[in-house]
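A closer look at the structure
Single-letter residue listing:
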Number of protein chains: 4
Amino acid sequence: MEHAQHGYIGNKDDYLKRLRRIEGQARGLQRMVEEESYCIDILTQVSAMTKALQAVSLGLLSEHMNHCVVNAAQESDAAGQEKVDEAMQAIARLVRS
Amino acid sequence: MEHAQHGYIGNKDDYLKRLRRIEGQARGLQRMVEEESYCIDILTQVSAMTKALQAVSLGLLSEHMNHCVVNAAQESDAAGQEKVDEAMQAIARLVRS
Amino acid sequence: MEHAQHGYIGNKDDYLKRLRRIEGQARGLQRMVEEESYCIDILTQVSAMTKALQAVSLGLLSEHMNHCVVNAAQESDAAGQEKVDEAMQAIARLVRS
Amino acid sequence: MEHAQHGYIGNKDDYLKRLRRIEGQARGLQRMVEEESYCIDILTQVSAMTKALQAVSLGLLSEHMNHCVVNAAQESDAAGQEKVDEAMQAIARLVRS
């Protein structure tokens, strides 16, 4: 079963809950802009939302490495390194964003 | 008129459009988790969403500095420095998030 | 006097001390690589050094805004906005690095 | 041989060269502060130095994952997951710094 290797499945509901909260933050920001809230207050909310997204990223990455990367490494060196290279590209994007 | 100092008003519709797109990205991420998409593909979308949020932050900060900070500085040194200190706290949060 | 506008002069010795410590961290990292220290320990030192550099940036930026930007705004709207635009480019580089 | 697992050994000279250049950048920054260079020019140099450090981090992390993490995973699930957890802590520090 292909899905068996997707490590976040156990926590799927937790991720969905966090993403719904992030969606709510995006709607809250629209309300703040609509009501012409003070810029600094809007920036504070954007920072909170960015941090929440970053936590989701780190969580997903951790599960990906604990499952996909570890499994691929156990299959063969080449398979492990391919998954590591792919993960490193995602990590570089995270570090730079 | 209090609102006159909120520099993003001219671009309000543009900010609302960008935030609605970000809200849509948050919903897209929920769909991806729901359908158990590949982790790395989800991480790519999270990075795109973080970049979009960062661009909103930098835009709002720029307008805040061009209006509130410049106006406060023209009022008095003390008023200017108070606004600069407040902006620096927001910048530090942006840099660290 | 041209230098009068460079706001970090009062703290020059403090900045020099911090930058000498950062230079020392760069030499410490070379020693660690030379001695083939454990990767994760090297990464921990790199993170500490990055944080120290970030603190230097935020300090310099704060003094720049409190002096150059505030002074320029008091000169004219156009001068203030020019300095704000220049500062925003530096801030965008900081946020993205 | 314990050192055999430290993946950056092949590139040791390359890392030393990059770290010496970073040390030189730290000295260049001291010169700029000493000569009271323009703040924004100093900030540009700090951003360049931060980017160089970030590239060193990502390089070391990549080699660590390709060697230590892959080897540990091939030893056992538990060993692999221990190395992944350790790497994730370093990644979280990188993302937040």
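We now turn to the structure provided with this report. (Residues numbered from 1 in each chain as written. Chains lettered and ligands numbered in written order. Predicted model: local features only at pLDDT ≥ 70, side-chain atom pairs only at ≥ 80, totals over all residues. Heavy atoms only, no water.)

**A word on the overall build of chain A**
Tallying secondary structure elements over chain A gives 3 helices and 0 strands in all. In chain A, the succession of α and β elements from N to C terminus is α-α-α. Here the C-alpha atoms of chain A give a radius of gyration of 18 Å, more than 25% beyond the 13 Å that 2.2 N^0.38 yields for 97 residues. With the C-alpha coordinates of chain A rotated into their principal frame, the extents come out at 55 × 30 × 15 Å. Per-residue burial for chain A yields a buried fraction of 57% across its 97 residues. Within chain A, contacts between residues at least 6 apart in sequence are counted, and of these 51% link residues at least 24 apart. (Helix = DSSP H or I, 4+ residues; strand = E, 2+ residues; numbered from the N terminus. Rg over C-alpha atoms; globule rule 2.2 N^0.38 Å. Buried < 20%, exposed > 50% of the residue type's maximum accessible area, 1.4 Å probe, protein only. Contact = heavy atoms within 4.5 Å.)

**Remarks on the relation of the copies chain A and chain D**
Superposing chain A onto chain D takes a rotation of 180° plus a shift of 0.0 Å along the axis, which leaves an RMSD of 0.0 Å. In the structure described here, the two chain copies are related by an operation that fits a two-fold rotation axis. A shared interface surface links the copies, since 100% of the contact residues of chain A are contact residues in chain D too. (Least-squares fit on C-alpha atoms with pLDDT ≥ 70 in both.)

**Concerning the interface of chain B and chain A**
Note: interface size is frequently given as the accessible area lost on complex formation between the parts. Counting from both sides, the interface comprises 47 residues of chain B and, opposite them, 47 residues of chain A. Together chain B and chain A conceal approximately 4500 Å² of surface at their shared face, both sides included; 66% is due to carbon and sulfur atoms. Counting the contacts that link chain B with chain A gives 4 salt bridges. Put simply, R27 of chain B and E23 of chain A hold a salt bridge, and the shortest N to O gap is 3.0 Å. (Buried area = accessible area lost by both parts, 1.4 Å probe. Salt bridge = Lys/Arg side-chain N within 4 Å of Asp/Glu carboxyl O.)

**Observations concerning the interface of chain A and chain D**
Of the residues lining the interface, 22 residues belong to chain A; the matching set on chain D comes to 22 residues. Of the roughly 2100 Å² buried between chain A and chain D, counting both surfaces, carbon and sulfur atoms make up 68%. The interface formed by chain A and chain D holds 0 salt bridges in total. On the surface where chain A and chain D come into contact, there are 7 residue pairs in polar contact (both at pLDDT 80 or more). Looking at the side of chain A that touches chain D, the elements with two or more residues in it are α2 (39-75) and α3 (77-96) of chain A. (Polar contact = N/O pair within 3.5 Å; in protein donor to acceptor, adjacent residues only side chain to side chain.)

**Concerning a positive patch on the surface**
On the surface, a cluster of positive charge is contributed by K51 of chain A, R96 of chain B, K51 of chain C together with R96 of chain D. By relative accessible area, K51 of chain A is classed as partly exposed at 45%. (Patch = residues over 30% accessible without salt bridge, like charges linked within 9 Å, V, L, I, M, F, W, Y side chains within 5 Å. Areas by Shrake-Rupley, 256 points an atom, 1.4 Å probe, with all protein chains shown as cover. Lys, Arg positive; Asp, Glu negative; His and termini not counted. Charge placed at Lys NZ, Arg CZ, Asp CG, Glu CD.)

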